[in-house]
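Given next are the chains, with one letter for each unit.
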Amino acid sequence: MIITSHSSNPFPDNVDQMFTHCRMATMAKGNYGIMKNAALAVSGKKISWIGPMDALPETLGTIKVTDCRNQWILPGFVDCHTHLIWAGSRADEFEMRLAGASYADIARAGGGIFSTVTATRAADEDMLFDLASRRMARFLRQGITTVEIKSGYGLDLDTELKMLAVAGRLQKACPQDVSTTFLGAHALPPKFAGRSDDYIKEVVRIMLPEVKDQGIATAVDVFCENIAFSRDQTRQVFEKALALGFAIKLHAEQLSDSNGTALAAQMGALSCDHLEYLSLDGARKMADHGTVAVLLPGAFYYLRETRIPPVEYFRNLRIPMAVATDLNPGSSPVFGMMPVLNMACLLFGLTCEEALAGATINGARALNLADCKGSLEPGKDADFVIWDVDTPADLCYLTGITPLQNVVIGGKTAYVMA
Ligand code: NIG
Ligand code: FE
């Protein structure tokens, strides 16, 4: 039975929970999509109705009601780019960079990504799980409800599989949804020094098929850069990944222009990420192929880069912009989305609306999850956050506080601010 309401949107009869008297930024279609004096209904794990308070049926019967007292509901943040599983610390490299060393200098001297590889190889699976689940708990308290997690601190089959196994355990143990990416081609392990083609063969012939057999990743990423892998090596990894049925994405044009973006876009990548050195040609290829631009201002900030991604190209060519934490111990030890929103606005020049769309609906697009995540719309997963703010722009404007009240994931309250 459908209870008729004043809204054009019929009120469903299977509602379990209502969130009433709220303001909402639905972020549908990448706009704020503001609704005031509104209500949101949840049926099971899904949002089943959104509408004005005066369109609610007169009695709500046994439906559980949460009065939001005019607070704001936004979609949970979708963090579409993280390296959340690692052991060890790189605070020493932070100090080295402050003293003048560059990220690339440190990498070439055997530190950087490889220093985390050494610590991650030495850690057992339980220890990695323990470290990573604490990071997931921090993310939850920051309103992040979907998390992409990459491997890439193993660079040998066993450790890459160990990292992906940890990601699988996080998916089961934590309330957030986890999307897992294999990043075997993140850096060249010292054992293969001077033989990067041989390492790529190992990734293609041994690692990718094993990851596929174990069903522990949905996407494959590569770091295409002069301190990592070439365009041709990227192509080899992607060809095999696509043949095995993985989605692909790329760390591209972060420190220089290798034109990896054009290749990735033409091969159907979901996203290209970083993009500080992206050319107009690369941007055009992204536009032609519907590739999402994932902006990572945390890495830009921590590495004290000076060249910002070409936001005007993205706007003019209507390329969706996502923003993500890039959480990792080297270039972006950033444990929440609010600092990233702030940096996206102040460092990259995004509007607050663009930044919030980047951390919600466009993050979901970058993970191919836009049919179920990233905006408040009937039929989508009931993943949302109640914020005690005056306006959604506060989430970009304020730093040093997280004015969050409740986090709901799949219709269940996953966190309540004490
Ligand atoms: O996205 N650029 C390559 N990968 C990471 C950094 C990883 C690290 O430094 O440990 C990034 O910034
Ligand atoms: Fe990254």
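What you are looking at is a predicted structure, and each value in this text was computed from that prediction instead of being measured.

A. Structural view of the nonpolar core. Core analysis: the biggest nonpolar cluster contains 102 residues, and Leu84, Ile85, Leu170 and Leu341 have the highest contact counts within it. Both of domain 1 (17-75 + 376-416) and domain 2 (77-366) provide at least three residues apiece to this core.

B. Structural view of the site of ligand 1. Around ligand 1 lies a shell of 15 residues, among which Arg90, Tyr103, Tyr153, Gln254 and Ser331 are the nearest. In this structure, an oxygen atom belonging to ligand 1 sits 3.1 Å away from a side-chain N or O atom of His251. Between Asp326 and ligand 1, the recorded distance is 2.9 Å, taken from a side-chain N or O atom to an oxygen atom. Burial of ligand 1 by the surrounding chains reaches 100%, relative to a free accessible area of 330 Å². Split by residue class, the shell around ligand 1 holds four nonpolar, nine polar and two charged.

C. View of the side chain of Thr26. One can find Thr26 in the loop between β1 (17-25) and β2 (34-43). In this structure Thr26 touches Tyr32, Gly33, Met35, Pro75, Ser375 and Leu376, once residues within four positions along its chain are discounted.

D. Structural detail: the side chain of Ser332. Along the chain, Ser332 turns up in the loop between β13 (321-323) and α12 (337-346). Discounting residues that sit within four places of it in the chain, Ser332 has contacts with Gly298, Ala299, Tyr302, Thr325, Asp326 and Leu327.

E. Structural context of the packing of aromatic side chains. Taken as a whole, this structure holds nine aromatic pairs when the rule is applied. With centroids separated by 5.1 Å and ring planes inclined at 70°, the aromatic side chains of Phe11 and Trp49 adopt a geometry described as edge-to-face. Of this pair, Phe11 sits in the segment before β1 while Trp49 sits in strand β3 (residues 46-52), and the two are 38 residues apart along the sequence. Like Trp49, Phe11 is buried. The interplanar angle of 45° and the centroid separation of 5.8 Å between the aromatic rings of Phe77 and Trp387 together place this pair among those described as tilted.

F. The arrangement of the layout of surface pockets in detail. In this model, the largest pocket occupies a volume close to 400 Å³. Gly30, Ile319, Pro320, Met321 and Asn362 are the residues nearest the centre of the largest pocket, which is lined by 16 residues in total. Of all the elements in the fold, those that place two or more residues in the lining of the largest pocket are α11 (311-316), α13 (352-358) and α14 (361-366). Residues of the lining of the largest pocket, tallied by class, amount to six nonpolar, four polar and six charged. Taken domain by domain, the lining of the largest pocket gets at least three of its residues from each of domain 1 (17-75 + 376-416) and domain 2 (77-366). When its volume is computed, the second largest pocket comes out at roughly 280 Å³. Lining the second largest pocket are 16 residues, with Ala107, Arg108, Ala187, Leu188 and Ile227 positioned closest to its centre. Elements with a contribution of two residues or more to the lining of the second largest pocket: α2 (103-108) and α3 (113-122).

G. Structural detail: the packing of helix α4 (residues 125-141) against helix α5 (residues 157-173). At a closest axis distance of 9 Å, the pairing of α4 and α5 adopts a crossing angle of 50°. When the interaxial angle is binned, α4 and α5 end up oblique. Taken as a pair, α4 and α5 cross one another with a handedness that is right-handed. Between α4 and α5, the contacting residues are Glu125, Asp126, Leu128, Phe129, Ala132, Ser133 and Met136 on the first element and Lys162, Ala165, Val166, Arg169, Leu170 and Ala173 on the second. A per-class count over the contact of α4 with α5 returns eight nonpolar, one polar and four charged.

H. Highlighting the environment of Ile248. With respect to the helices and strands, Ile248 occurs in strand β10 (residues 247-252). Distance in space between the C-alpha atoms of Ile248 and Phe182 is 9.6 Å, their sequence separation being 66 residues. Leave out the neighbours within four places in its chain, and Ile248 touches Val220, Phe238, Ala241, Leu242, Ala264, Met267, Gly268, Ala269, Leu270 and Ser271.

I. Inspection of the state of the cysteines at higher detail. Going through the model one piece at a time under the given rule, you end up with zero disulfides. Free cysteine: Cys352, not disulfide-bonded; nearest cysteine sulfur from Cys396 at 4.0 Å.

J. Broad picture of helix α7 (residues 231-243). For α7, which comprises 13 residues, the first-to-last C-alpha distance of 18 Å matches the rise-based estimate of 18 Å (1.5 Å per residue) to within 8%. For α7, the set of buried residues is Gln233, Thr234, Val237, Phe238 and Ala241. Summarising the axial view, the buried residues of α7 lie within an arc of 130°, below the 170-degree limit, and thus occupy one face.

K. Molecular detail of the sheet that holds β10. Ordered in space as β6-β7-β8-β9-β10-β11-β12-β13, the eight strands form an open sheet in which the pairing is parallel. Single-partner strands in this sheet number two, and they are β6 (77-79) and β13. Between one strand and the next, the sheet's axes are offset by a mean angle of 25°, whatever the strand orientation. Summarising the sheet, strand β11 (residues 271-274) and strand β12 (residues 292-295) pair through three bridges and their orientation is parallel. Across the sheet, residue Cys272 finds its bridge partner in β12, namely Ala293.

The rules behind each value
Residues numbered from 1 in each chain as written. Chains lettered and ligands numbered in written order. Predicted model: local features only at pLDDT ≥ 70, side-chain atom pairs only at ≥ 80, totals over all residues. Heavy atoms only, no water. Core = buried A, V, L, I, M, F, W, Y, C linked by side-chain atoms within 4.5 Å. Buried < 20%, exposed > 50% of the residue type's maximum accessible area, 1.4 Å probe, protein only. Domains from an automatic or database assignment. Near = heavy atom within 4 Å. Polar contact = N/O pair within 3.5 Å; in protein donor to acceptor, adjacent residues only side chain to side chain. Areas by Shrake-Rupley, 256 points an atom, 1.4 Å probe, with all protein chains shown as cover. Nonpolar A, V, L, I, M, F, W, Y, C, P; charged D, E, K, R; others polar. Helix = DSSP H or I, 4+ residues; strand = E, 2+ residues; numbered from the N terminus. Contact = heavy atoms within 4.5 Å. Phe/Tyr/Trp six-rings, centres within 6.5 Å; stacked < 30°, edge-to-face > 60°. 1 Å grid on protein atoms, 1.4 Å probe; cavity = no way out; pocket = protein on both sides within 12 Å on 5 of 7 lines; lining within 4 Å. Points joined across faces, edges and corners; volume = space filled by probe spheres on them. Axes fitted to C-alpha atoms, helices over the stretch in contact; angles between N-to-C directions. Parallel < 35°, antiparallel > 145°, perpendicular 65-115°, else oblique. Left-handed = near helix turned anticlockwise from the far one by under 90°. Disulfide = S-S within 2.5 Å. Expected span 1.5 Å × (residues − 1). Arc of directions from axis to C-beta. Pairing = 2+ DSSP bridges.

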